[in-house]
Amino acid sequence: MSVDSPARAGRGRLVLTRLLAAPGVLIGGGTVLLLFLLAFVGPYLTHWSYTDIDYASLRQPPSADHWFGTGGLGQDVYAQTLRGLQKSLIIGLLVALLSTVLAGLVGACAGYFGGWTDRLLIFFVDLMLVFPGFLVITIVSPRLRSAGWLAFVVLLAAFNWMITARVVRSMTISLKEREFVRAAQFMGVRPLRVIWRHVLPNCASYLIVDATIAVGSAVMSETALSYFGFGVKAPDVSLGTLIADGTDTAPTYPWTFYFAAGLLVLFVLAVNLIGDGLRDALDPTADAARRPSRRVRDAARPLPGRRTDSPVPTVDEATA
Amino acid sequence: MTTPAPLLTVHDLRVEFAAARGRATTTAVRGVDLTLNRGETLGIVGESGSGKSVTALAVLGLLPGTATVHGSVALDGQELVGRPARELAAIRGRRIAMVFQDPLSAFTPVFRIGDQIAEAVRVHQRVDRAAARRRAAELLDLVGIPDPVRALDSFPHEFSGGMRQRAMIAMAVANDPDVLLADEPTTALDVTIQAQVLEVLRTAQRETGAALVLVSHDLGVVAQMADRVAVMYAGRVVESAPVDELFAAPHHPYTLGLIGAVPRLDRTGGPLVPIPGQPPALHALAPGCPFAARCPLAVPECRAAEPVLTGPGEHLAACLRSGELAAERPAPAEVYPVPALPPTRSPAPAARETLPRVLSVDGLRRTFPVHKGTVFKRKVGEVYAVDGVRLDIRRGETLGLVGESGSGKSTALFEVLGLRPPEAGRIELLGQDTAALSAEAAHRLRARVQIVFQDPMASLDPRLPVGDIIAEPLQAQGADRGRIAARIPQLLTQVGLEPDHAARYPHEFSGGQRQRISIARALAVEPELLVLDEPVSALDVSIQAGVLNLLQQLKAELGLAYLFVSHDLSVIRHLADRVSVMYLGRTVEDGPVEQVFAAPRHPYTRALLSAVPLPDPVAERNRVRILLPGDPPSPTSRALGCPFRPRCPVYAALPAEQRPRCEREAPGPAADDVHAVACHYPAA
């Protein structure tokens, strides 16, 4: 959407200004940045590596030596958590991004073009929905084993976009009838450009909420995949595996569970804040950047993003 | 002689709406005084947001819970404000009845019409089911619904808009109310149907002797129906007078401006008188007269205190300078600044032939298949949406396309703009036949034809800043950034907006400004033909006048040709050089605007013209009205012969030996006539 020129402020610039004016975005963005810093610089602050085992201390609470305590085999929880955070940050963000882009593109194209394009795309979406995703992954995993975490991200995204695509399709069908879309067509704007400029921005609220949910759920579904020997394997860890392993011992040895879970909650909350800000920045009627009493308005109207505020369901998923 | 006590007295009525937390309450009605005598018709006129509907609803006690009503509403001396809901319910429908604007939502869709009217009877009268049903049939007969006994068993969706509004009136008069409140009863209807419904309202009023309160934004309707008129602005009555006096010599500058802003069916061209500015926001009113900011006569005292409604006799006005207005009786154009429009001369008929054709459509047809069945769809018929339309626009000319809803105006428009080969007939746009266009040529042609839609809110992407909206057609044609950046401020200035509005979003603008943005977008690529699809029908009259003036000015400056689609004949008369009238997908009459409006030849055009109410009570009373019976037939059947025959007054009066021609032969317009008419027996 490179419509900016020095002379005037186009949509890109206006959205960016509004985005940077929202305190939530700055807090969320800062938190994500700090998490990245912690994940990639933090391991150098301790001499323990995530593979090290300290036979002298099994299941010890946090101390000066082991900052987050130790696990059942004497692993250093601090080193493990940071190692897991490295994986989960990238997996969560990339999966959410990929699946949302795919869903938006397929859904909008199916809805906008209609006819055979619609039928074929929706047939494919339905096919993906009825396919047991894990079965497919077990079949293809031996061949992809060498491709590493990137293939893993692609697979996770590939089984996460279908329902969103269907919703985007139905939103597009109703948007297609709106006069501004018709006006663009009569002006000779090319179809893909109409989708990019008019259809997708008007679905943005939904897509953003969906993407923020996808971040949390991607981190957790990666755990499930490791049961198939795919994804993260011991001794390597991710936040997902740490939470899954720590769930049983959480009441008695809380440090094995709560540091990983807390970081995940923090991560998802930060992403939510960014998503909220982005949605408000894209929606000119939101005016969040300008009006002071944000909390009052939030209490008055239920926000669609509200349900993503708590990542508790994703933790439940792991315990289940 | 004692004057009888008024039937309904509204005194110092105030309505406040509680807002969401953290915001000020909105006062929608700020001290309204009204009196209504037995059997009289009171018209309440005002633009959107003036509080006229809220006043009507407050009288009935039908406002939502967030509203607080102060003041007094007395019916025959009985106070209504503050009564318990039970007692009010006994009065509603029995003594005061309401006719709503949208008859589709005023009926419950799952119950039969007859049951709903019978229910209204049985709520207030102790009669049995059969008697109530008989009464319902009588009422439907009173409002002129054919075959009332059968109509009782119809569902609301089976009725047309006009029939629903009649049934609504039948329900309102079911209990012989003393007061009938009609809130914009004809706004959603076509003019010929509006004429029918107004006639029904008059009949209902005559039969029941009820007093009528008619709330409308249409000065013509009020001039035609009312005995007295109250003009509302910003939640107050600013002028109240007997109808003749009000239209002849308004004492308030706002009324004067409104009268000047309405295009007239009986007058040609010239600039309209726009009222500058916007109506004030009711939650942030400045002290003093709320109209002062827009008033050309405002003096410093106007901003000090709000003037009271006062005046000689029955003619009251809330203006400090009403005395001067009453004495001098100025014309609207003498009070309001009127933009000087560059002269536009429509070419003489002889010279017209030599001008290049911008759009030429002949014999256009478009049908839509009707499918049945869910699993195996099969075609069971066709809707003839457009069936024989001809249009001819020369360079720099404005063609007005007139027709009621369902006449196929929009379909014809979209067929032309689709740049596809037509189903039948021929479309030639700027010298190129659309049947023979390559995709690339079609794309280039799009730059030369642009469209302005009816609803400026719907046709502007809410998520795009105005600058990007206007840039869109330029980008579509591949203009470079420098040119786009230079063009946007230029376009905004051209349509009367500020260049720095480019960074705002559409929702920050008012309706009239949004329509200006729409026009700026259409002008961006310097088109030769501008298609205007009802461009002013969503706007208030005072705003509409400004947009119409802008269109006239642009046409003169840029030499544009307009295809102006409208259901409002006054607007067409004001703006167009030629007019084309459509009925049921066909062109029934076309010709130069002066000729068609002065001497319409097709019976449908004649009826249409006579149905348009004039904002002039004296002229209105002296007119002969041609009322068309019934509704336009469904376009699914392609009738043999003239499609207008079932409603045609000429056909009805024909001697038997001349009728078969209308029944067998569909009349077609003579090909190259200046003033062509599709009728076998046209008026001379």
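Residue positions are given per chain, counted from 1 along the sequence in the order it is written. Written order decides the labels, with chains lettered from A and ligands numbered from 1. Whole-chain, interface and lining totals are the exception, using all residues; otherwise, since this is a predicted model, local features are given only for residues with pLDDT of at least 70 and side-chain atom pairs are given and counted only at 80 or more.

### Focus on the overall build of chain B
When helices and strands are tallied, chain B shows 26 helices and 22 strands. What the globule rule says is 2.2 Å times the number of residues to the power 0.38, and the radius of gyration is computed from C-alpha atoms. Here the C-alpha radius of gyration of chain B, 27 Å, is about what a compact globule of 684 residues would show, namely 26 Å. If one aligns the C-alpha atoms of chain B with their principal axes, the spans along those axes are about 75 × 65 × 55 Å. Any residue whose C-beta has 12 or fewer other C-beta atoms within 10 Å is treated as exposed, any with 20 or more as buried, and any in between as partly exposed, C-beta atoms being built from the backbone. For chain B, with 684 residues in total, the buried portion stands at 51%. Pairs at least 24 residues apart make up 68% of the contacts formed inside chain B by residues separated by at least 6 positions. Going along the chain from the N terminus, every DSSP run of H or I of four or more residues is numbered as a helix, and every run of E of two or more is numbered as a strand. For every residue pair, C-beta atoms are placed from the backbone, and the pair is scored as a contact if these atoms sit within 7 Å.

### Details of the overall build of chain A
Within chain A, the secondary structure is distributed over 13 helices and 0 strands. Ordered by position in the sequence, the α and β elements of chain A form the string α-α-α-α-α-α-α-α-α-α-α-α-α. The buried share among the 320 residues of chain A stands at 45%. Residue pairs at least 24 apart in sequence account for 72% of intrachain contacts in chain A once pairs closer than 6 positions are excluded.

### Here's the deal with the interface of chain A and chain B
Chain A puts 27 residues into the contact, and the matching count from chain B is 34 residues. Residue assignment for the side of chain A that touches chain B shows that the elements contributing at least two residues are α1 (11-21), α8 (179-186), α9 (191-226) and α12 (294-300) of chain A. At 5 residues, the largest contribution of residues to the side of chain A that touches chain B is made by α8 of chain A. Lys, Arg, Asp and Glu make up the charged group, whereas Ala, Val, Leu, Ile, Met, Phe, Trp, Tyr, Cys and Pro make up the nonpolar group; the residues left over, Gly among them, are polar. Partitioning the side of chain A that touches chain B into residue classes produces 15 nonpolar, 7 polar and 5 charged.

### A word on the packing of α1 of chain A against helix α11 (residues 255-282) of chain A
Pairs of packed helices are described in terms of their axes, by the angle between the two and the distance that separates them. All names here are of chain A. Every axis corresponds to a line fitted to the C-alpha atoms, with the helix fit spanning only the stretch in contact, and the corresponding angles, defined between N-to-C directions, vary from 0 to 180 degrees. Contact pair α1 / α11: the axes reach a minimum separation of 8 Å and the direction vectors enclose 135 degrees. Compared by their axis directions, α1 and α11 come out oblique. Between α1 and α11 lies a crossing whose hand is right-handed. Where α1 abuts α11, its residues Val-15, Arg-18 and Leu-19 lie against Gly-277, Leu-278, Ala-281 and Leu-282. Should an angle fall under 35 degrees it is called roughly parallel, over 145 degrees roughly antiparallel, and 65 to 115 degrees roughly perpendicular, with every other angle called oblique. Crossings are classed by handedness, with left-handed meaning an anticlockwise turn of the near helix from the far one by less than a right angle and right-handed meaning a clockwise turn.

### Concerning the nonpolar core
All names here are of chain B. Nonpolar cores are identified as sets of buried Ala, Val, Leu, Ile, Met, Phe, Trp, Tyr and Cys residues joined via C-beta atoms within 7 Å. Judged by nonpolar contacts, the single largest core of 291 residues is most densely connected at Val-213 and Leu-563. Those domain boundaries reflect an automatic or database domain assignment. Of the domains in this structure, domain 1 (8-108 + 176-264 + 277-334) and domain 2 (355-599) are the two that each give at least three residues to this core. Setting aside residues up to four positions removed in sequence, Val-213 forms contacts with Leu-36, Leu-42, Ile-44, Ala-56, Val-179, Leu-181 and Ala-182.

### Here's the deal with the environment of Glu-138 of chain B
Secondary-structure assignment places Glu-138 of chain B in helix α5 (residues 129-142). Considered as a pair, Glu-138 of chain B and Gly-388 of chain B are 250 residues apart in the sequence and their alpha carbons are 41 Å apart.

### So, the sheet that holds strand β2 (residues 26-36) of chain B
All names here are of chain B. Two strands pair under a simple rule: DSSP has to find at least two bridges between them. Overall, antiparallel pairing links the 4 strands, which are arranged β2-β1-β4-β5 in an open sheet. Strands at the two margins of the open sheet, each flanked by one partner only, are β2 and β5 (78-79). Pairing between strand β1 (residues 8-17) and strand β4 (residues 67-75): 8 bridges, direction antiparallel. From the neighbouring strand, His-11 faces β4, where its bridge partner is Ser-72.

### Overview of the domain arrangement of chain B
How big an interface is tends to be stated in terms of the accessible area lost upon association of its parts. All names here are of chain B. Each assigned domain of chain B is listed with its residue range as follows: domain 1 (8-108 + 176-264 + 277-334) and domain 2 (355-599). For domain 1 versus domain 2, the separation of C-alpha centres amounts to 35 Å. Of the residues lining the interface, 12 residues belong to domain 1; the matching set on domain 2 comes to 13 residues. It is helix α11 (residues 253-261) that provides the largest number of residues to the side of domain 1 that touches domain 2, a total of 3 residues. Its residues placed into classes, the side of domain 1 that touches domain 2 shows 4 nonpolar, 5 polar and 3 charged.

### Description of the UniProt feature "transmembrane region" (unreviewed entry) in chain A
Residue and element names in this part refer to chain A. Per the UniProt annotation, the sites labelled "transmembrane region" (unreviewed entry) are residues 20-41, 89-113, 120-141, 147-168, 199-220 and 255-274. This span, residues 20-41, is 95% helix and 0% strand, and a straight line between its end C-alpha atoms measures 27 Å. Regarding residues 120-141, the helix share stands at 91% and the strand share at 0%, and the terminal C-alpha atoms are separated by 27 Å. UniProt positions are given in the numbering used here, feature names are shortened, and annotations may be inferred rather than shown by experiment.

### Some words on the sheet that holds strand β22 (residues 676-677) of chain B
Residue and element names in this part refer to chain B. Pairing within the open sheet is mixed, and its 7 strands lie in the order β17-β18-β19-β14-β20-β21-β22. Looking at the sheet topology across the chains shown, the edges are occupied by β17 (449-452) and β22. In the sheet, strand β20 (residues 578-583) pairs with strand β21 (residues 586-592) via 6 bridges, with the strands oriented antiparallel. When the bridges of β21 are listed, Val-581 appears paired with Glu-589.

### A short note on the packing of helix α7 (residues 161-172) of chain B against helix α8 (residues 191-208) of chain B
All names here are of chain B. Direction vectors running N to C along α7 and α8 enclose 10 degrees, while the axes themselves pass 10 Å from each other. Relative to α8, the element α7 is oriented roughly parallel. Both α7 and α8 take part in a crossing whose hand is right-handed. Every residue of α8 that contacts α7 at Gly-161, Gly-162, Gln-165, Arg-166 and Ile-169 is listed here: Ile-193, Gln-196, Val-197, Val-200, Leu-201 and Ala-204.

### Brief notes about the confidence of the model for chain A
Any residue range with low pLDDT should be treated as having predicted coordinates unsuitable for detailed reading. Residues and elements named next belong to chain A. For every residue, the predictor reports its confidence as pLDDT, a number between 0 and 100. Across chain A, pLDDT averages 78, with 82% of residues at or above 70. Mean pLDDT values for the elements of chain A range from 36 in helix α13 (residues 312-319) up to 92 in helix α7 (residues 162-176). The low-confidence segment residues 1-7, where pLDDT is below 50, has 13 contacts with residues more than four positions distant or belonging to other chains. Of the regions scoring below 50 in pLDDT, residues 288-320 engages in 41 contacts with residues more than four places distant in sequence or in other chains.

### Describing the confidence of the model for chain B
Looking at chain B, the pLDDT average stands at 84 and 95% of residues meet or exceed 70. Reported confidences for the modelled complex are a pTM of 0.80 and an ipTM of 0.76.

### Things to note about helix α17 (residues 466-476) of chain B
Because an α-helix packs 3.6 residues into every turn, residues spaced three or four apart end up facing the same way. Among the 11 residues that make up α17 of chain B, 10 are buried, leaving the element largely enclosed by the rest of the structure. Every buried residue of α17 of chain B is listed here: Val-466, Gly-467, Asp-468, Ile-469, Ile-470, Ala-471, Glu-472, Pro-473, Leu-474 and Ala-476 of chain B. In this structure, the buried side of α17 of chain B is in contact with α1 and α8 of chain A together with β17, α18 (481-494) and α19 (511-523) of chain B.

### A word on the pairing of β1 of chain B
The pairing of β1 of chain B with β2 of chain B spans 8 bridges and is antiparallel. Residue Phe-17 of chain B lies in a different strand from β2 of chain B, and its bridge partner there is Thr-26 of chain B.

### Some details on the environment of Val-215 of chain B
Residues and elements named next belong to chain B. Assignment of secondary structure puts Val-215 in strand β8 (residues 211-216). Overall, Val-215 belongs to the buried group, with 26 C-beta atoms counted inside 10 Å. For the pair Val-215 and Asp-115, spaced 100 residues apart in sequence, the C-alpha separation works out to 28 Å. The residues touching Val-215, leaving out its near neighbours within four places in the chain, are Ile-44, Lys-52, Ser-53, Ala-56, Ala-182, Asp-183 and Glu-184.

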